Amino acid sequence: MHGLIETTHFPYLWLIPALPLLGAMVNGLFGAHLMRRFGPKVNHTLAIALPAVSFVISVVAFAKVASLPEHGRALTQSLFPFIHVGFFDADMAFWVDPLSATMLLIVTGIGTLIHLYSMCYMAHDPGLPRFFAYLNLFLFAMILLVLGDSLLLLFIGWEGVGLCSYLLIGFWYEKPSAT
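Procedures and definitions
Residues numbered from 1 in each chain as written. Predicted model: local features only at pLDDT ≥ 70, side-chain atom pairs only at ≥ 80, totals over all residues. Heavy atoms only, no water. Helix = DSSP H or I, 4+ residues; strand = E, 2+ residues; numbered from the N terminus. Contact = heavy atoms within 4.5 Å. Areas by Shrake-Rupley, 256 points an atom, 1.4 Å probe, with all protein chains shown as cover. Lys, Arg positive; Asp, Glu negative; His and termini not counted. Charge placed at Lys NZ, Arg CZ, Asp CG, Glu CD. Pairing = 2+ DSSP bridges. Phe/Tyr/Trp six-rings, centres within 6.5 Å; stacked < 30°, edge-to-face > 60°. Buried < 20%, exposed > 50% of the residue type's maximum accessible area, 1.4 Å probe, protein only.

Chemist: Would you take a moment to explain the overall build of the chain for this structure?
Modeler: Along the backbone of the chain there are five helices and three strands. A principal-axis box enclosing the C-alpha atoms of the chain has dimensions of 55 × 35 × 30 Å. For the chain, the share of sequence-separated contacts (at least 6 apart) that also reach a separation of at least 24 residues comes to 71%. Only carbon and sulfur atoms are counted for the fraction: they give 73% of the accessible area of the chain, which is about 10,200 Å². Considering the chain, the positive charge centre built from 7 side chains and the negative charge centre built from 9 side chains are found 21 Å apart.

Chemist: Honestly, the sheet that holds strand β2 (residues 75-85) in this entry has me stumped. Any pointers?
Modeler: The strands making up a sheet are joined through hydrogen bonds of the backbone, oriented either antiparallel or parallel. Across the sheet, which stays open at both edges, the three strands sit in the order β1-β2-β3 with mixed pairing between neighbours. Edge positions in the sheet fall to β1 (8-9) and β3 (88-96), since each has one partner strand and no second. Of the pairings in the sheet, the one linking β2 to β3 comprises nine bridges and is antiparallel in character. Paired with Gln77 across the bridge in β3 is Phe94.

Chemist: Explanation requested: the packing of aromatic side chains in the structure shown.
Modeler: Ring pairs (aromatic) are described by centroid distance and by the angle formed between their planes. Using the criterion set out here, one finds five aromatic pairs in the structure. Relative to Tyr121, the ring of Tyr117 lies with its centre 5.8 Å away and its plane at 20°, an arrangement referred to as stacked. Separated by four residues within a single helix, Tyr117 and Tyr121 lie in helix α3 (residues 98-121), roughly one turn from each other. A relative accessible area of 56% places Tyr117 in the exposed class. Given the relative accessible area of 54%, Tyr121 is considered exposed. Consider the rings of Phe131 and Phe171, whose centres lie 5.3 Å apart with planes at 75°: the pair is edge-to-face.

Pasting the structure below:
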């Protein structure tokens, strides 16, 4: 797929999607317990800090891509073989070129700002951990959509964005006015 372009291995690409996924898992599985024990600031801090670190790593990746020679402006990281059937090979791998580096900055930067805004907007909602789990999961899916090195990963990211959009739109399912 990328045979004509020289690529550079960047070992930290996996952290960009992994950090929001970690935030989604912790807030989804333990968020209610953490909120009862320590208050909602733990949920806010966790949900905002992890995407912010993803943004910082995205800035580093963008700078790295910009510093490469024009014929080799691409970063890659292959994590593990995903599906290998006959002639079909799809690894869990990430690819960053100038366009995807720019999109990464937009997704992680604006995503972090949305998390910051949500901290105040959702401050008194009892479903705060669930909301931040959905929001972090949405950011993970968006990043997977941007970073995926195969159509399979792009598809998984696309479907994840659709699922998370559904979950966020239907967040207040108990309120008749919201349904």
